[in-house]
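# Tertiary structure, described
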Amino acid sequence: YSLVDDEFNIASPAQLSEVLFAKLGLPTTGIKRGKTAYSTDQKTLDKLRGQHPIIELVEHSRELAKLKNTYVDTLPILADSNSRVHTTFNQDVAATGRLSSTDPNLQNIPIRSEMGRQIRRAFIPSPGKVFVSADYSQFELRLAAVLANDEGLIDDFNGGVDIHAKTASDVYSIPLEEVTKDQRRDAKVINFGVLYGMSTHGLSAATGMTFTQAKQFIDQYFTLRAPIRQYIDATLEKARVEGYVETYFGRRRPTPDIKSSNFMVRQSAERAA
């Protein structure tokens, strides 16, 4: 408030837009405009970062508001008489078939920010008990290797090879021991992203490669991983012809939008398939 010499509703997009672009005169070049005001979403704030100290304060305010509304105010209400929370796992909500969690949702307890990590400190095991955290290692890639019957990738996994470094070594045509951290990171982005239809533009944005470099990287990747390319193509063809895709165990997901005349809608359906 002191930065603009006035009080306003920080949570109101219209009022915040008025403050940022009218009162403070921040640049509107490249900023999305709605019917009544310029956007104040996170993408907009990212573009404005460094232009005025109010931007960081707005982001901090939003983080605190979200933590307060979603966790601090809500978790105590959901706890039982022993201060324990009991989530419900739903089997038929997420379209992909994974479990979802409600009242409270225990799948999105924050961890990335220091403030978020404070929320996690509220979760304490009973006396004599401990929390166990487990995670699959490169699970989607292992599944893709088996589903696509990519024998080269299967051999790499069975041999305990660093799969991201190996991908970088293959794509850049350099010995494994010469792969840099940056090259390994780029390979990691493509290893996971490409399974979900990452575009040339997406790879470029995620890694800082030029558009041309990203296209060459993806082309070279699919030359090396031909079975995965064939598997993805076959999956998309099934979606177009039969109107659905299905998991290894037969769970079906309809894909009507895959024939949409709208390019963005069609691409989204392809990624989902």
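Keep in mind that what you see is a predicted model, and the values were worked out from it rather than measured.

In terms of nonpolar packing, the biggest core is built from 27 residues, with Ile190, Leu203 and Phe217 touching the most fellow members. For this core, the secondary structure elements donating two or more residues are α6 (139-147), α7 (151-158), α8 (163-172), α9 (181-193), α11 (211-224) and α12 (226-242). Among the elements that take part in this core, α11 stands out by supplying 5 residues, more than any other. Not counting the four nearest positions on each side in its chain, phenylalanine 217 is found in contact with Val171, Tyr172, Asp186, Ala187, Ile190, Leu203 and Met209. Among the nonpolar cores identified, the runner-up in size contains 13 residues, and Leu16, Leu20, Leu45 and Ile54 belong to it.

Another aspect to go through is the pattern of salt bridges. Counted under the stated rule, the structure contains 18 salt bridges. When the shortest N-O distance is used, the salt bridge between lysine 166 and aspartate 170 registers 3.2 Å. Highlighted residues: lysine 166 and aspartate 170, both in helix α8, separated by 4 residues, approximately one helical turn. One salt-bridge network, in which partners are shared between bridges, spans Lys238, Glu242, Glu246 and Arg252.

Running from N to C, helix α10 (residues 200-207) and α11 cross one another at 115°; their axes reach a closest spacing of 8 Å. Considering their axes alone, α10 and α11 lie roughly perpendicular with respect to each other. For the crossing formed where α10 meets α11, the hand is right-handed. Here α10 contributes Thr200, His201, Leu203 and Ser204 to the contact with α11, which in turn contributes Phe211, Ala214, Lys215, Phe217 and Ile218. Tallied by class, the residues present in the contact of α10 with α11 amount to 5 nonpolar, 3 polar and 1 charged.

A few words on the packing of aromatic side chains. Summed over all chains, the structure comprises 6 aromatic pairs. Where tyrosine 172 meets phenylalanine 217, the ring centres are 5.5 Å apart and the plane angle is 75°; that geometry is what we call edge-to-face. Residue tyrosine 172 is located in helix α8, and its partner phenylalanine 217 is located in helix α11; the two are separated by 45 residues in the primary sequence. The class for phenylalanine 217 is buried, based on a relative accessible area of 4%. The aromatic ring of tyrosine 38 is capped on one face by arginine 33, whose charged end is 4.8 Å from the ring centroid. Over the ring of phenylalanine 222 we find arginine 229; its NZ or CZ atom is 4.2 Å from the centre of that ring.

Quick notes on the rules
- Residues numbered from 1 in each chain as written.
- Predicted model: local features only at pLDDT ≥ 70, side-chain atom pairs only at ≥ 80, totals over all residues.
- Heavy atoms only, no water.
- Core = buried A, V, L, I, M, F, W, Y, C linked by side-chain atoms within 4.5 Å.
- Buried < 20%, exposed > 50% of the residue type's maximum accessible area, 1.4 Å probe, protein only.
- Helix = DSSP H or I, 4+ residues; strand = E, 2+ residues; numbered from the N terminus.
- Contact = heavy atoms within 4.5 Å.
- Salt bridge = Lys/Arg side-chain N within 4 Å of Asp/Glu carboxyl O.
- Axes fitted to C-alpha atoms, helices over the stretch in contact; angles between N-to-C directions.
- Parallel < 35°, antiparallel > 145°, perpendicular 65-115°, else oblique.
- Left-handed = near helix turned anticlockwise from the far one by under 90°.
- Nonpolar A, V, L, I, M, F, W, Y, C, P; charged D, E, K, R; others polar.
- Phe/Tyr/Trp six-rings, centres within 6.5 Å; stacked < 30°, edge-to-face > 60°.
- Lys NZ or Arg CZ within 6 Å of the ring centre and 35° of its normal.

From the geometry alone we can't say anything about function, so treat these as descriptive.
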